[in-house]
Amino acid sequence: MDTIEAIKQQISANPIILYMKGSPNQPQCGFSARASQALMECGERFAFVDILSNPDIRAKMPEFANWPTFPQLWVAGELVGGCDIICEMHESGELKTLVQETSAAQTAAD
């Protein structure tokens, strides 16, 4: 499987997925730390990919997403955005609503 196909598979298999540097429990940059913290505060499970451990994904993801930076949050197959957008949505309550509705829809589908 090539890298783009792997990315597509990850996004389709995980309703909420964060491409970040490090892990939610051990982020490797401040932007990834803020983004993962905002997601964790929503109280729902989410997947993550450590791009530092996956250099092929790190190289191809900006081209695939047409988004140059990390972290990148994908919800229900759509790119939500990076750290600033995630934090703004968290502060307004939009992120929690989006994450909870997506999680509930996935639970209903299972």
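Further up the page is the structure itself.
All of these numbers come straight from a predicted model, not from anything done at the bench.

Trainee: Mind showing me how you'd approach the nonpolar core here?
Mentor: Burial of nonpolar side chains together is a common tendency in soluble globular proteins. Grouped together as the largest cluster of nonpolar side chains are 14 residues, with contacts concentrated most on Ile 16, Leu 18, Leu 39, Leu 73, Ile 86, Leu 95 and Val 99. Contact partners of Leu 73, with chain neighbours within four places excluded, come to Ile 16, Ile 17, Leu 18, Leu 39, Glu 78, Leu 79, Val 80, Gly 81, Ile 86 and Leu 95. Formed by 13 residues, the second largest nonpolar core is a distinct cluster that contains Ile 7, Ala 47, Ile 57 and Trp 74.

Trainee: What is the right way to read unusual backbone geometry from this model?
Mentor: Peptide bonds are trans in most cases, and residues, glycine excluded, mostly fall at negative phi. Here the amide bond leading from Phe 70 into Pro 71 is cis, since omega sits at 5°, within 30 degrees of zero. Structurally, the position occupied by Pro 71 is in the loop between α3 (55-65) and β3 (72-75).

Trainee: Looking at this model, I keep getting lost on the environment of Ser 36. Mind explaining?
Mentor: Following the sequence through the fold, Ser 36 ends up in helix α2 (residues 30-40). As a C-alpha pair, Ser 36 and Leu 73 span 37 residues in sequence and 9.4 Å in three-dimensional space. Setting aside chain neighbours within four positions, we find Ser 36 in contact with Leu 18, Met 20, Pro 24 and Phe 46. Polar contacts involving the side chain of Ser 36 include one to the main-chain carbonyl oxygen of Ser 32, which spans 2.9 Å. Here Ala 33 takes part through its backbone oxygen, which lies 3.2 Å from a polar atom of the side chain of Ser 36.

Rules and cut-offs
- Residues numbered from 1 in each chain as written.
- Predicted model: local features only at pLDDT ≥ 70, side-chain atom pairs only at ≥ 80, totals over all residues.
- Heavy atoms only, no water.
- Core = buried A, V, L, I, M, F, W, Y, C linked by side-chain atoms within 4.5 Å.
- Buried < 20%, exposed > 50% of the residue type's maximum accessible area, 1.4 Å probe, protein only.
- Contact = heavy atoms within 4.5 Å.
- Helix = DSSP H or I, 4+ residues; strand = E, 2+ residues; numbered from the N terminus.
- Polar contact = N/O pair within 3.5 Å; in protein donor to acceptor, adjacent residues only side chain to side chain.

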